[in-house]
Each structure stands twice: as C-alpha cells, then as structure tokens.
Amino acid sequence: MITATRDTIFVDDRNNMNNSIDTRVGYTIAGITGDFDVLVNGINYYIDYSRGVIRFLQARDSSDIIVLVLEGSEILIQSEMVSGHMLENVYLLAPDILPHSLRVSITDTMGVLYPLSTFGLDENGDDLIDAAFIDYHLGYLTFPVERPFPDQVYDMDIHIFTIEGLCASRANLYQLSNTPVLKMSETVYVDGVAAARGSDYIVDYTSGALVFLTEGLVNDFSEIEVRYSSVDRKREDVFYTVQPTISLGSITVAPGFTSIDEQDIVHASAKLDVGTAGKNVQIIPQGAYTTEHEWAHDYSVLANYYFASLSAAYRGLSDSFDVTDAHSRKWGRLRHQGSISARIEPLRHLQCETSFEKEIMSDSLDNELDAQYLQGSISYTNPGLPNGSFRLGIQELPDKEKNTLQAKMNYTLQALEARLKVNAVAGHVAVMPDTGDDADEYEFITGGSLVLPIPINSTWYFRKSDVYTDDTAMTRTDELRGNLGVDVIPGLFYTGSYLAEAESYILSSEQDIKLQHYFYNNLSIAPGRWHRALSIINLTCGFGRMFDQYVSALPLGYNRPSFLLGPVTDGSTSSIKGTDTYYLTVQLNPLTELVLWGKHTISENKTASYTIPEPVLTQRDEVRIEFDPQKLGFFSLYWDRKQFRTYPQKTTDNLFGEWIKSWTARLRTRFTTNYNITEDVYGQVSTSSNELRSNFQTLLRFGTRSYATVDIGGSRRENVLGDIQYTIIPGAGFDINLYTGIYVQCDYEANVLLDSITTHTVTAKITGQF
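What you are looking at is a predicted structure, and each value in this text was computed from that prediction instead of being measured.

Reading the values: rules and limits
- Residues numbered from 1 in each chain as written.
- Predicted model: local features only at pLDDT ≥ 70, side-chain atom pairs only at ≥ 80, totals over all residues.
- Heavy atoms only, no water.
- Helix = DSSP H or I, 4+ residues; strand = E, 2+ residues; numbered from the N terminus.
- Rg over C-alpha atoms; globule rule 2.2 N^0.38 Å.
- Buried < 20%, exposed > 50% of the residue type's maximum accessible area, 1.4 Å probe, protein only.
- Patch = residues over 30% accessible without salt bridge, like charges linked within 9 Å, V, L, I, M, F, W, Y side chains within 5 Å.
- Areas by Shrake-Rupley, 256 points an atom, 1.4 Å probe, with all protein chains shown as cover.
- Salt bridge = Lys/Arg side-chain N within 4 Å of Asp/Glu carboxyl O.
- Contact = heavy atoms within 4.5 Å.
- Polar contact = N/O pair within 3.5 Å; in protein donor to acceptor, adjacent residues only side chain to side chain.
- Core = buried A, V, L, I, M, F, W, Y, C linked by side-chain atoms within 4.5 Å.
- Pairing = 2+ DSSP bridges.
- Axes fitted to C-alpha atoms, helices over the stretch in contact; angles between N-to-C directions.
- Phe/Tyr/Trp six-rings, centres within 6.5 Å; stacked < 30°, edge-to-face > 60°.
- Lys NZ or Arg CZ within 6 Å of the ring centre and 35° of its normal.

Quick word on the overall build of the protein chain
Looking only at helices and strands, the protein chain has one helix and 49 strands in total. Against the 2.2 N^0.38 benchmark of 27 Å for 770 residues, the protein chain shows a C-alpha radius of gyration of 30 Å, consistent with a compact globule. Across its three principal directions, the C-alpha atoms of the protein chain cover 80 × 70 × 60 Å. In the protein chain, buried positions account for 37% of the 770 residues.

Considering unusual backbone geometry
The linkage connecting Y647 with the following residue, P648, adopts the cis geometry, with an omega of 0°. Relative to the assigned elements, P648 resides in the loop between β42 (633–644) and β43 (649–662). Backbone geometry at Y306 places phi at a positive 50°, although glycine is not the residue there. Mapping Y306 onto the fold places it in the loop between β25 (295–305) and β26 (308–317). With a phi close to 60°, A553 is a non-glycine residue in the positive phi region. Relative to the helices and strands, A553 resides in strand β38 (residues 537–555). Residue classification places A553 among the partly exposed residues on the basis of a relative accessible area of 36%.

Focus on a nonpolar patch on the surface
On the surface, I246, L248, I251, L272, V274, V281, I283 and V301 cluster together into a nonpolar patch covering about 580 Å² of accessible area. Residue classification places I283 among the partly exposed positions, given a relative accessible area of 36%.

Quick look at the environment of Y189
Assignment of secondary structure puts Y189 in strand β15 (residues 187–190). Spatially, the C-alpha atoms of Y189 and S222 are 9.9 Å apart, while their sequence positions differ by 33 residues. Discounting residues that sit within four places of it in the chain, Y189 has contacts with A194, E223, I224, E225 and R227. Looking at Y189, its side chain comes within polar contact range of the side chain of R227, at 3.3 Å.

A few points about the nonpolar core
If you look at the biggest cluster of nonpolar residues, it comprises 22 residues, and the most contacted ones within it are I106, F119, L121, I129, F143, F149 and F161. Looking at this core, the elements that each hand over two or more residues are β9 (103–108) and α1 (151–155).

Overview of the side chain of D191
The residue D191 is located in the loop between β15 and β16 (193–194) in this model. One polar contact links D191 to K402, side chain to side chain, over a distance of 2.6 Å. Apart from the residues lying within four places of it in its own chain, the contact partners of D191 are F221, S222, E223, Y373, Q395 and K402.

Describing the sheet that holds β15
Overall, antiparallel pairing links the three strands, which are arranged β16-β15-β19 in an open sheet. Edge positions in the sheet fall to β16 and β19 (224–227), since each has one partner strand and no second. Alignment of β15 against β16, held across two bridges, turns out to be antiparallel. Bridge pairing in β16 places Y189 opposite A194.

Here's the deal with the sheet that holds strand β3 (residues 32–39)
The strand order across the open sheet formed by five strands is β2-β3-β1-β6-β7, and the pairing between neighbours is antiparallel. Because the sheet does not close on itself, it has two edges, and the strands there are β2 (24–29) and β7 (73–78). The mean inter-strand angle of the sheet, taken between neighbouring strand axes irrespective of direction, is 45°. Judged from the five bridges that link them, strand β6 (residues 65–70) and β7 form a sheet pairing that is antiparallel. Along β7, the bridge assignment pairs V67 with L76.

Regarding the packing of aromatic side chains
All chains considered together, the criterion is met by 17 aromatic pairs. Centre to centre, the rings of Y442 and Y468 are 6.1 Å apart; their planes meet at 75°, and the pair counts as edge-to-face. With a gap of 26 residues between them, Y442 in strand β33 (residues 439–451) and Y468 in strand β34 (residues 456–469) connect regions that are remote in the sequence. Feature note: the residues Y91, Y114, F119, F143, F149 and F161 constitute an aromatic cluster, connected by ring pairs. If you follow R481 out to its NZ or CZ, it ends over the ring of Y461, 3.6 Å from the centre. A cation over an aromatic ring shows up here: R624 above the ring of W597, its NZ or CZ 4.5 Å from the ring centre.

Considering the pairing of strand β18 (residues 209–212)
Neither face of β18 is left uncovered, since the one carrying A209 and V211 and the one carrying L210 and F212 both have all their residues buried. Sheet topology note: the strand β17 (residues 201–204)/β18 ladder contains four bridges and is antiparallel. Bridge pairing links D204 to A209 in β18. From the end of β17 to the start of β18, which pair antiparallel, there are four residues, and G208 there has a positive phi angle of about 80°.

Topic: the pattern of salt bridges
For the structure shown, the criterion picks out 25 salt bridges. Among the salt bridges present, the one from E622 reaches R620, with a minimum N-O distance of 3.6 Å. Put simply, E225, R227, R329 and E359 are held in one network by salt bridges that share partners.

Topic: the environment of E749
The residue E749 is located in strand β48 (residues 742–753) in this model. Residue classification places E749 among the partly exposed positions, given a relative accessible area of 41%. Sequence separation of E749 and N172 is 577 residues, and the distance between their C-alpha atoms is 42 Å. Not counting residues within four places of it along the chain, the set of residues in contact with E749 comprises I729, P730, G731, T759, H760 and T761.

Observations concerning the pairing of strand β40 (residues 594–609)
As paired elements, β40 and strand β41 (residues 616–630) share 12 bridges and run antiparallel to each other. Of the residues in β41, the one forming a bridge with S603 is T618.

In structure tokens, the structure reads:
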C-alpha cells in the first residue's frame, strides 16, 4: 500500500535527444545520475494508493529508469538493477469508454473464442466485463489474477492469446490521412501550441487514430495541426539513409546521407551539452543540402538554471525544399520559423510560463504571410490543496485573430476512507476574421468522482458550450452524464449509467435540436454471498434505453428537460432512431466442470422520420453449456434464436458446438460444427434455408512466434428452393518468424464444390517490424 500523500515520479528514457526544456539534465536521484523528466500525478500517471499500483498514461520502456519520491524517500521502481515490478495483468484499451458499449473478446491463434468468465472477468455471465475490472475513464482492464494466461506466454514470449476490444468513447478522436504512422514521429499543435504526448493526446500508430485526453484542450474554434511521418507500405522507389553518431566529450556530431524520391541529401546535426546538475546549456545545430541545390537549417538552444529555464529555436528553408513536405502549413510553405519560451518557479508548486512563436510563409503566388502565437500561463500544482492554472493566448493569423482565455481547477479531498475528486474548466475563445462576423465561444466543464467507505462509487460530468456570432447565439450544447455503482447489500450489485446531450441550432426565431440519450440499469444477484450452498445460481437483470433524435422548428425559447428520459414530442420530429432493451440471464453451476447459462432478451427497436415511431419487437433466446473435464479437453454448446416481428416475420436458429484439446503448449486441436436455419413467414406462406458446416483444425507451434495449421472441413447448404450443395474445404497455413522483426505468412484454402467448380485461395505476405 502507498500512503496517499505528495508524490513525484522521475523518469530517464536513456535518450538525450528527447530532452526538453524541462528535463533535469545530469540530475542525481536514488543514487543514479541521468537526464530525468518529472511526471505529474493526474496528468502523466495515476496512483491506486490502496493497491500500491502506478498507472502510466504513456507506455514506458523496460530500459527506462523510474524513481518514485514519496515524503522525501527515493524509491527506485525500475532500473538495470531493479526489475520485475511491472504488472502482467493490466491492459490499456481506450480512454473515456462509454459504459455498456465495451465488448471484449479473447481468442487464441486458432481463433478459439474464450468466455470472459474463464479469466474471472465475468462473474455474472452476461458476456460483459464486470465493472470491478475496468476503469472506464482511464481505459484500464485489470485481470483478477497476477498472470491471467499460461506461464509460457510470459516466460517464453509465446503469442497465444489476443485481446480485442470494441467500444464507444467520449474522447475527441481524429483520423490521420496517411497510415501507418511512424512511431513517435508526430508533433501535435492545438491553436499553435504543442500538445504533450501521452497526457494531452495519444496516437494509435497502426490505424492513425488521434485521441485527445485533456478536458477543454480542443473547442469548436480550435485549429489542430499534426506533423508526422508515415510508413508508406506501397512505395516502389528505393529509400535509404545512413547517419552515424560520434561522441567527443560533451559534443555529439551526427553527419548523414539520405537518398529518397530520386534526391540525394547531405545532412548533419550536432549537440553541445555543458554544465552540471541543475544548471546546464544545450546547443543543437542541424542542416541539410540536396542535389537540387535546396537547403534547410535549424538551431535550438536550451538553458536551465535551477528554478528557471529558457529555450529558443530558429528554422530556415529555401523556397523549394520539399523532401518530406514537413514545412507545409495551412496558409503556405514555411520559409522562416522562430520561437522563444521561458519558465520560472519562484515558489514551490508555483510555475510561470510564457512563449512566443512566429512563422513566415509564402503562398502559391509568392505572397509573404505571417502567423504569430503568444501565450502565458500561471500554474499552482500543490496536490494537497486546490490547484489549477490560468492561461492566456493571443494569435495573429493570416486570415484572423484569435484570443483564448482559460482557467482550470482540480481538487481531491480525502476524509477518513472517502475520496471526493472535482475538476472544472472554464474558457472563452474570441475569433475575429478579416471578413468580419466575429465569433465567441463560452465553455464550462465540470466533473468528478465520489468513493465512499461503503461500497458506493459514482462519477459525473457536465459540459455547457455557447457559440455567438456578432452577439447572436448560434449554437448551444449541453451534456450531462453519470455512473453509479452500489454494492451495499451482499449478493446484490447495481450499476447505472446515464447520458444526455443536446445541441441547439438557432435559426432566427426558431431552433433545431439534436438529442442523444442512453440510460442503462443492471442488477446482479449472487445468492452465494448469502450462503455458500446457494452459489450454484447467479442472476442478472437489466433494462436500457437509447435514442438519437433530431427535432426541427421548435420555438426559440424552448428548453429541453434537464433530465431527459424520453424523446421530445413537441415540434416537428425530423428523424429518430432508438432501442429499448430488457434482459434476464441465469447461470447455473450444477457441477464443478459443468456450466449452464441462459439469457432472454426483448428489444423494442424504433427508427422513423418526421414522426414518433412505433416500436418493432425483437426477441432473442440464448443457451450455453460448457463442460471442462480438463484431460479430455473443453466442450461447449451454444444455441441462439432470434425472432423479428416484422414483415416478413423472420426467425433464425443457430447451434454451435466446439471441442478444444491442448495436448502440449505447442500442439492443439480444435473441432467445430455449426448449424443454422432461417425461416421467413409471409402470412400463411413460409420459406426456409439452412446450412451445416464442420471443421477440424490442428495447430503445431515450432518456435516462440512460429506455427503451422492444417484444416479439413465441409458444409451442406440448402436454399429456399430446396437445392442442396455439398462442399469440401481443406486448408493449411503457416506463420514463421525468420529473423527478429521479419514474419512470413502464407495461407491456403480450397472450396471443392461437388458437381461444380473448385476455387483455390492463396495469400502470402512478408511483414517487417523494426
């Protein structure tokens, strides 16, 4: 257990090229001297004091040196001499997950889907992660055991299991155009100010998804610029580069040569680092020259003196220097860029920062355009008292002027065993375009959480934003959401989630409103907590409602109810879609190796335009039987029936059976069979079709990351006309790790249709990860 008190974490990533103006160069802590960055609790990491767990919001490498300073004590968390503290049961999914939107599946390399209850994540058997194992705000999934998977996964680095998560998130998400993104190559600017990787935003380098984490960082008027490099998998030209690093005492020199896009580039960089702990100076010059006689040069200076730091930078480029197109801007091509920033900490926990940046660009007509950014901030960071910051930003852009004023406040109060956390953001953005029509946005955000000594916890969030143009309201946005978990009575556990969002569009004397709403309730009943003998049965029941609605031509003075539970019936309903869900699950454990599970769901689906719709009833029944005698393998049987009360009335039945046997850590077999039938009823007439499909698969692993599979299967399909078709489906494949980072994958499958043609499918690819 870690005592809930003042704490600080110092991290040295062992790469001095990543040093920033705030890096403590040559700093000694816990007996180790290095270049340490100071991380802030609540921004760069979170601490679960009761469990003694530190959760970083940015992945840390195993080579990082990590030191925790707690009440004057320096605790070495990770270094070359200290390891093994990293948890092996915690996984990061996504921040700000909407409760009940999360769907997690765990499969192995054979495609076997494992019930979440196998890993202790689903005690009530509803196929959802129990609330006790997921942090919806931070997005952490925590398994209840230290090593949820077999030991060879950790000790032998064998990839057997894959965790896939699908969810809706409240986080601001943007999609980058070119993917995959070169790891750690991105720089994100919001209104001309660089955002911090890991605390302000995160990037999925594979998909190119950019997610903002910091509340109030992005508003309706924000201009977001992302500079990054993409790993182009389709390029056909030859690209190569070489740049050795030479260290001469405090001077580092890195000359280099690159050939790309039929251009040869000679480039070099150097670094001078002088000083001692607490006071040092770094000077970094860089330059490049191409065979097209184009050039670029860059200079930066960083200076630290105990409680003060200063940095300055300049970049200049010739008119046509476009090797990577990194100097393209919204208004033209960058020719010159200069910046200077300063930071001072006159008192402990009190920080003052200011920065100025100017860019000179040229457009396609060679017109010179200027953009300059000025900002200043004052922050108070004492975690034991209400803390926050005040920021002022002024931007003069080629087409407008934009001023930003923002205040933040955070406070965590702990009394006895209760904890109350509150945060708030208030801001004003004024945009004055050269064409007139000034615009203003006023935004207020507040949220928090409450954890009581008794098993009750809750979170809440409220956001209000108003946009005005020439003193006339144009849009108004209100958002309210909350979560509640109650486990006061043993054997009964309640979770509830609520969200309502309304956005009004003002049109002269009328307004249109867009509404989004969901409200879910779940009650889990576990009689085993009353008496051990009753643990053979567990029940879960719940109901939920969600809808999206667009209402037009409402009076200007109309205000939606503050706690929305149903669609708006006033005015003209332009469109609406929604779902009401009621369900009951029953889980039986008559024997240790046998589990019976059933679920009955009734849904009322509503979709309509220009009117409030009538619901369409859908009914679903599910039954699952699992038997695990261990030595004989794992058996499961699953039946699923869906009935759609539409025209025609449709009923689908699906019966799935599976047998899995792990002979050794490297040899596994799997047999599956699936039968489904679909019936459509048109009054007195009905039609039906069905299919039976079976497959037997063997997987042999002959390396930590290499394996081969052999499949043999077949199917019988009968269509609505009574025609029957038989198919034999053989297949094989392999995935071989030839060398570190290089994988060769090949798959083959044939569809042998009796009395018809045979199709063969072969896929092969080589993947390199460096």
